[in-house]
Amino acid sequence: MIRKFLLFGSLVIVLNLVFSSCTLFKKNISKEVIVALPDTLFTASIGSTAMYTKYTNTLSSQQIVSSFLKGFVNESKNTANVKFQFGTEGADYLLKIKSLRISETSKTEKINDTKSAYNGQEVLLNTVEAYADLDITELNHPETKLNSCSNSKQRSESETNNRDLGDLVTGANKDHTKYHTKLLSDNIAISLAEDVGRRVWVPITRRISKQVN
């Protein structure tokens with residue numbers, strides 16, 4: 001029992017490290033700086049090359065921009081010695097969104113399980129990715145551009161032989177030979193956009209830290 005508890009505790013710690021990696025890998029900034037995003041009229045591009053689009057066909061650019069900015073602003077509040085604002089007055093560094101996009105793609109995978117009637121069957125799995133790319137410059141030295149800051153994150157459907165709720169209710173698939181597609185959440189693109197907005201603060205703090213410290 002103790003061993004199981006320790007293993008569970010270790011798993012929780014690892015998961016916490018993974019989900020808080022944005023904070024963990026941010027660079028400390030030794031003095032107070034003001035970072036501004038003067039242009040809030042940027043748009044997000046949304047595209048799909050998937051054979052069957054499932055997660056991006058009803059999205060609007062404004063939804064993606066709003067979600068990105070939500071994660072962006074929230075993470076800025078958790079960055080010591082950094083004040084974020086939208087106006088340029090008093091700013092030390094200016095940010096410009098070069099690219100914000102959501103893409104949906106698909107790929108074919110083959111089930112490899114000789115014990116299953118599904119063996120050899122091809123399945124189509126979709127992937128959704130969010131990507132952001134920013135420029136950062138010093139307000140008093142606009143000719144000097146720091147290296148670009150970018151981040152991306154994606155989530156993919158998967159094929160699984162785990163028992164779903166229906167199997168548990170009916171008692172089916174106890175031998176795990178029945179396969180089904182594990183879908184993504186309906187709002188996966190919104191979630192990824194917000195997460196990328198949060199995560200992109202890692203390279204931003206690294207660029208500023210290199211200049212300031």
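Residues numbered from 1 in each chain as written. Predicted model: local features only at pLDDT ≥ 70, side-chain atom pairs only at ≥ 80, totals over all residues. Heavy atoms only, no water.

Draft legend 1. Expanded view of the overall build of the chain. Tallying secondary structure elements over the chain gives six helices and eight strands in all. Burial analysis of the chain (213 residues in total) assigns 38% to the buried set. Here the contacts in the chain between residues at least 6 apart in sequence split such that 73% fall between residues at least 24 apart. Total accessible area computed for the chain in this model is approximately 12800 Å², and 52% of it derives from carbon and sulfur atoms. (Helix = DSSP H or I, 4+ residues; strand = E, 2+ residues; numbered from the N terminus. Buried < 20%, exposed > 50% of the residue type's maximum accessible area, 1.4 Å probe, protein only. Contact = heavy atoms within 4.5 Å. Areas by Shrake-Rupley, 256 points an atom, 1.4 Å probe, with all protein chains shown as cover.)

Draft legend 2. Spotlight on the nonpolar core. The biggest cluster of nonpolar side chains holds 39 residues, and the ones touching the most others in it are Phe68, Phe72, Leu100, Leu134, Ile204 and Ile208. If you list the elements that add at least two residues to this core, you get β1 (33–36), α3 (61–76), β3 (82–85), β4 (93–110), β5 (122–138), β6 (141–156), α5 (188–199) and α6 (201–212). Looking at this core, the element that brings in the most residues is α3, giving six residues. Here Ile208 is in contact with Ile29, Val33, Val35, Tyr93, Ile136 and Leu146, once residues within four sequence places are set aside. (Core = buried A, V, L, I, M, F, W, Y, C linked by side-chain atoms within 4.5 Å.)

Draft legend 3. Representation of α6 within the structure. With twelve residues, α6 extends 16 Å between its outermost C-alpha atoms, agreeing within 8% with the 16 Å of an ideal straight helix rising 1.5 Å per residue. Regarding α6, the residues found buried are Trp201, Val202, Pro203, Ile204, Thr205, Ile208, Ser209 and Val212. (Expected span 1.5 Å × (residues − 1).)

Draft legend 4. Here's a closer look at the pattern of salt bridges. Counting across every chain of the model gives six salt bridges. The partner of Asp195 in a salt bridge is Lys153, with the nearest N and O atoms 2.3 Å apart. Of this pair, Asp195 sits in helix α5 while Lys153 sits in strand β6, and the two are 42 residues apart along the sequence. Ionic pairing is found between Arg198 and Asp195, a salt bridge with its closest N-O pair at 2.4 Å. Taken as a pair, Arg198 and Asp195 lie in helix α5 at a separation of three residues, close to a single helical turn. (Salt bridge = Lys/Arg side-chain N within 4 Å of Asp/Glu carboxyl O.)

Draft legend 5. Up close: the packing of aromatic side chains. By the definition in use, this model includes seven aromatic pairs. Centre to centre, the rings of Phe72 and Trp201 are 5.3 Å apart; their planes meet at 40°, and the pair counts as tilted. A residue pair is termed long-range when its members are at least 10 positions apart, and Phe72 in helix α3 and Trp201 in helix α6 qualify at 129 residues. We classify Phe72 as buried; its relative accessible area is 0%. (Phe/Tyr/Trp six-rings, centres within 6.5 Å; stacked < 30°, edge-to-face > 60°.)

Draft legend 6. Just the environment of Gln85, in detail. Examined against the element boundaries, Gln85 turns out to sit in strand β3. A residue is classified by how much of its surface remains accessible, and Gln85, at 15% relative accessible area, is buried. Counting along the chain gives 51 residues from Gln85 to Ile34, while the straight-line C-alpha distance between them is 7.4 Å. Contact partners of Gln85, with chain neighbours within four places excluded, come to Ile34, Val35, Ala36, Leu37 and Ala91. A distance of 2.6 Å separates a polar side-chain atom of Gln85 from the backbone oxygen of Gly87. (Polar contact = N/O pair within 3.5 Å; in protein donor to acceptor, adjacent residues only side chain to side chain.)

Draft legend 7. Broad picture of the layout of surface pockets. Put simply, the largest pocket is a space of about 150 Å³. What lines the largest pocket is Lys31, Glu32, Val33, Ala91, Asp92, Tyr93, Glu138, Leu139, Asn140, His141, Gln211 and Val212. Class assignment of the residues belonging to the lining of the largest pocket gives a composition of five nonpolar, three polar and four charged. (1 Å grid on protein atoms, 1.4 Å probe; cavity = no way out; pocket = protein on both sides within 12 Å on 5 of 7 lines; lining within 4 Å. Points joined across faces, edges and corners; volume = space filled by probe spheres on them. Nonpolar A, V, L, I, M, F, W, Y, C, P; charged D, E, K, R; others polar.)

Draft legend 8. How the structure looks around the packing of α5 against α6. The N-to-C vectors of α5 and α6 enclose an angle of 15°; their axes lie 5 Å apart at closest approach. When the axis of α5 is compared with that of α6, the two are roughly parallel. On α6, the residues that touch Gly197, Arg198 and Arg199 of α5 are Trp201, Val202 and Pro203. (Axes fitted to C-alpha atoms, helices over the stretch in contact; angles between N-to-C directions. Parallel < 35°, antiparallel > 145°, perpendicular 65-115°, else oblique.)

Draft legend 9. Representation of the packing of α3 against α5 within the structure. Direction vectors running N to C along α3 and α5 enclose 35°, while the axes themselves pass 6 Å from each other. At the point where α3 passes α5, the crossing takes the right-handed sense. Where α3 approaches α5, its residues Gln63, Ile64, Ser67, Phe68, Lys70, Gly71, Phe72 and Glu75 are matched on the opposing element by Ala189, Ile190, Ala193, Glu194, Val196, Gly197 and Arg198. Per-class residue counts for the contact of α3 with α5 are seven nonpolar, four polar and four charged. (Left-handed = near helix turned anticlockwise from the far one by under 90°.)

By themselves, these are just geometric observations and shouldn't be taken as functional.
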